[in-house]
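So the chains spell out like this:
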Amino acid sequence: MPFSISSPLFAAFSLVVVLALPARADNLRGWGYLVDRLVLDGEARAEVERIFTDPRMPPFDKLEFAPERRPEPTSLYRGFLKPASMAQARACWNRHLSEFQRAQRDTGVPGALLAALLHVESRCGANTGNHRILYRVARLAMAPAPENFRWNLARWLDGSATSPSRLHEQLTGRARYLEETFYPEVRATLELARRWRVDPHELRGSSGGAIGWPQFLPSSVLQFGRDGNGDGFVDLTNSADAILSAAEYLRAYGWRPDLERPQRRQVLWNYNRSFAYVDTLLTLQSRLESGSEFRGTQQRIATAKRATRNGKRLGKNPRAQHTRK
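Summary of the structure given here.

Cut-offs and rules
- Residues numbered from 1 in each chain as written.
- Predicted model: local features only at pLDDT ≥ 70, side-chain atom pairs only at ≥ 80, totals over all residues.
- Heavy atoms only, no water.
- Core = buried A, V, L, I, M, F, W, Y, C linked by side-chain atoms within 4.5 Å.
- Buried < 20%, exposed > 50% of the residue type's maximum accessible area, 1.4 Å probe, protein only.
- Helix = DSSP H or I, 4+ residues; strand = E, 2+ residues; numbered from the N terminus.
- Phe/Tyr/Trp six-rings, centres within 6.5 Å; stacked < 30°, edge-to-face > 60°.
- Lys NZ or Arg CZ within 6 Å of the ring centre and 35° of its normal.
- Disulfide = S-S within 2.5 Å.
- Contact = heavy atoms within 4.5 Å.
- Axes fitted to C-alpha atoms, helices over the stretch in contact; angles between N-to-C directions.
- Parallel < 35°, antiparallel > 145°, perpendicular 65-115°, else oblique.
- Left-handed = near helix turned anticlockwise from the far one by under 90°.
- Nonpolar A, V, L, I, M, F, W, Y, C, P; charged D, E, K, R; others polar.

1. Brief notes about the nonpolar core
Formed by 80 residues in total, the largest nonpolar core has its most connected members in Trp31, Leu34, Phe52, Leu114, Val186 and Leu250. It is helix α9 (residues 164-196) that contributes the most residues to this core, ten residues altogether.

2. Concerning the packing of aromatic side chains
Inspection of the entire model under this criterion finds 15 aromatic pairs. Geometrically, the ring pair formed by Trp31 and Tyr135 is edge-to-face, given 6.2 Å between the ring centres and 85° between the ring planes. Here the residue Trp31 occupies a position in the loop between α1 (8-19) and α2 (32-40), and Tyr135 occupies one in helix α7 (residues 133-141), the gap between them amounting to 104 residues. Note on Trp269 and Phe275: the rings are 4.7 Å apart at their centroids and 35° apart in plane angle, and the pair reads as tilted. It is Arg37 that lies over the ring of Tyr183; its NZ or CZ is 3.9 Å from the centre.

3. Things to note about the state of the cysteines
Going through the model one piece at a time under the given rule, you end up with one disulfide. The disulfide partner of Cys92 is Cys124, and the gap between their sulfur atoms is 2.0 Å. The sign of the S-S torsion, about 65°, decides the handedness of the disulfide formed by Cys92 and Cys124: right-handed. Taken together, the positions of Cys92 in helix α4 (residues 83-95) and Cys124 in the loop between α6 (111-122) and β1 (131-132) put the pair 32 residues apart, joining distant regions of the chain. The exposure classification of Cys92 matches that of Cys124, with both residues buried.

4. Things to note about the side chain of Thr189
Among the secondary structure elements, Thr189 is positioned in helix α9. If near-sequence neighbours (up to four positions away) are discounted, Thr189 is found in contact with Ile133, Leu134, Val137, Leu203 and Pro218.

5. Remarks on the packing of helix α5 (residues 97-107) against α6
The interhelical angle for the contact between α5 and α6, taken along N-to-C directions, is 120°, at an axis separation of 8 Å. One finds that α5 runs oblique with respect to α6. Viewed along their axes, α5 and α6 form a crossing whose handedness is right-handed. Mapping the contact onto sequence places Phe100, Ala103 and Gln104 in α5 and Gly111, Leu114, Ala115 and Leu118 in α6. In the contact of α5 with α6, the residues fall into five nonpolar, two polar and no charged.

Okay, here's the thing in structure tokens:
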């Protein structure tokens, strides 16, 4: 018998999901599920409802998610090792050298590695995003909301070769992962807004909810954000704060100067769980420290200058110019 949204088996699955989640009617522009959970965890209902019914907060409609997490493609990082990108990374390294060196002295994390990390994360602050953080993390935390879960289940069951029970299990696990990952970020966003005394809707960052040069999620800002320039405030769009905060993150996850390469890879894995990302950072670090690509560029520039000077001299001496033909 085909499995459809109207089948008894689908109804049974849906009942399990609904019973496991808050039962209050979702009447807050689609955000009722999340509002209820925030209130249960101690947030003031009036304040949370005000935030989620604010016109700047888009209504929640649907969040499409897959049964399993899709790994980042290796091709995503290839461009970072090209000459133009390497030149940008070295410019970042040179421009903020004293801040990278200070962070290295304070934490033991190599300045060249920090330059590589900030280059890959945000092009040294040039690409931090302008999305509203609260909306971005809140919609991901809504994955297991009953209506959203039912919609995803029906969508994936349509033509799937996977058994209904297995698909339900996979989607339940994936929804739980998204909620466990991003619900704390919703709470952290609200707390960050309180600490910084700003409107939570005005916190801006990437489409994934990350903030500043090191692209920290809000909970990481609270945990690892450091005041690198001594102004009494953590601002991850400030180079000194961003550099020291990224160093503190890696130090907290176990970075030490004496680590072997496998241990270094493990620390960086905690920053972004992608082997391609980790390898790109380590390659960038090595090239920045060795200056290999920099020396090659300088040699090309010097050769071009010599050719230009020779050309000018030849232009003044027709005989010499003729001899070289």
